[in-house]
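Below are the chains, spelled out letter by letter.
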Amino acid sequence: MLKKIVKKLIGIDAAPDVSSAPKSGYEEGRLELPKIEMLSDDELDRLNSILPWCAFLVDRKGRRFGNWYTDSKRSEPQAVPDHRIVELNKRIPLSDCHVMEIGCYEGIHTAALAQLAKQVTAVDGRIENVAKTLVRIGLMGLSADCYCWDVEQALPPALPQEWDVLHHMGVLYHLSSPIAHLQELLPRTRKAVLLDTHVAPEAGPFLSSLSDGFSYEYCDFKESSRENPFAGLTDHAQWVRVGDLQRLFAGLGFDRFEVAEQRDERNGPRVCVYAIRSDCPQ
Ligand SMILES: C[S@@+](CC[C@H](N)C(=O)[O-])C[C@H]1O[C@@H](n2cnc3c(N)ncnc32)[C@H](O)[C@@H]1O
């Protein structure tokens, strides 16, 4: 109940507690991280303190690289690769693809994409998230081009203007104009999209809007602040209906629209979609 009230008042994510996760002793989720494993416990401690980490990996010695957000959010070691990226790679082999990752956060999905894809561009609207991504992937021996970009603003000329695959996880429901955003990015996407997002609850209440001739319905949600590393960069967001998303994608040439997961999460309904252009070779 308290969480619901906080959510109404300040947006979908409550303020974090400042406690740290245990430093070591993790049995699950160990990864081969040679550049982390060569650090002494003291150096790793310093690395974990110099940036505001809010998610973590575990090395082969069972030590934490990063931190949790709270003891109930990003409180477990993260998987690399995430199963949704494994599924994406089965549908669209990434080895000859340039992937554009929206909302790279702390580079955990960026790392998986960099292991699999020919080229990765990763963007986030928070410079500290871009910095954490660069440090994370650098210490994993991987590389990606990372930029600070608020994706609700025009695409800066310094960024690539087209890519093969759009990786879009956990960001759409933080945007104030998600349809206009997709209308900007989908025509630049040559092959496929992995979209994982909350969608409007069936019960509404719904408002309606029009973006470049496309009419759609949405539920309005309050977003939390710039300080929240997960949140959007505006004070409210539109959660759109999955049917409207499918119609939008089809209109922009993505005829294959596979809703691979439908999840009822703490904050509301969520889907994982693989959308593929009809002219994309299998
Ligand atoms: C909920 S987190 C998801 C992180 C990651 N993609 C994942 O799935 O674990 C949302 C991320 O999107 C970023 N973000 C939110 N709104 C943005 C915007 N308008 N422009 C760029 N990044 C944004 C946040 O800074 C944060 O890193």
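Residues numbered from 1 in each chain as written. Predicted model: local features only at pLDDT ≥ 70, side-chain atom pairs only at ≥ 80, totals over all residues.

**Considerations on the domain arrangement of the chain**
Our working rule: Note that domain bounds follow an automatic or database assignment of domains. Residue pairs qualify as contacts under a 7 Å threshold applied to their C-beta atoms, which are placed from the backbone. Each residue is assigned to one class: nonpolar for Ala, Val, Leu, Ile, Met, Phe, Trp, Tyr, Cys and Pro, charged for Asp, Glu, Lys and Arg, and polar for all the others, Gly among them.
The domain boundaries assigned to the chain delineate domain 1 (2-66) and domain 2 (83-276). At the junction of the two partners, domain 1 supplies 13 residues and domain 2 supplies 18 residues. A per-class count over the side of domain 1 that touches domain 2 returns 9 nonpolar, 2 polar and 2 charged.

**What about the sheet that holds strand E9 (residues 214-222)?**
Backbone-to-backbone hydrogen bonds pair the strands of a sheet. The strands run either parallel or antiparallel. The cut-off we apply is this: When DSSP finds two or more bridges between two strands, those strands count as paired. Numbering of helices and strands starts at the N terminus; helices are DSSP runs of H or I of at least 4 residues and strands are runs of E of at least 2. Only the stretch in contact is used when a helix axis is fitted, and all axes are lines through C-alpha atoms; the angle between N-to-C directions ranges over 0 to 180 degrees.
The strand order E8-E9-E10 describes an open sheet built from 3 strands, whose pairing is antiparallel. Looking along the sheet, the strands with just one partner apiece sit at the ends: strand E8 (207-211) and strand E10 (236-240). In this sheet, neighbouring strand axes are inclined to one another by 50° on average, regardless of whether the strands run parallel or antiparallel. Across 5 bridges, the pairing between E9 and E10 is antiparallel. Within E10, the position partnered with Lys222 by the bridge is His236.

**Let's talk about the environment of Leu142**
With respect to the helices, strands and loops of the structure, Leu142 is situated in the loop between helix H6 (127-139) and strand E5 (145-148). Here the alpha-carbon distance between Leu142 and Phe65, two residues 77 residues apart in the chain, equals 16 Å. The contact partners of Leu142, leaving out residues within four places of it in the chain, are Ala111, Ala114, Gln115 and Ile137.

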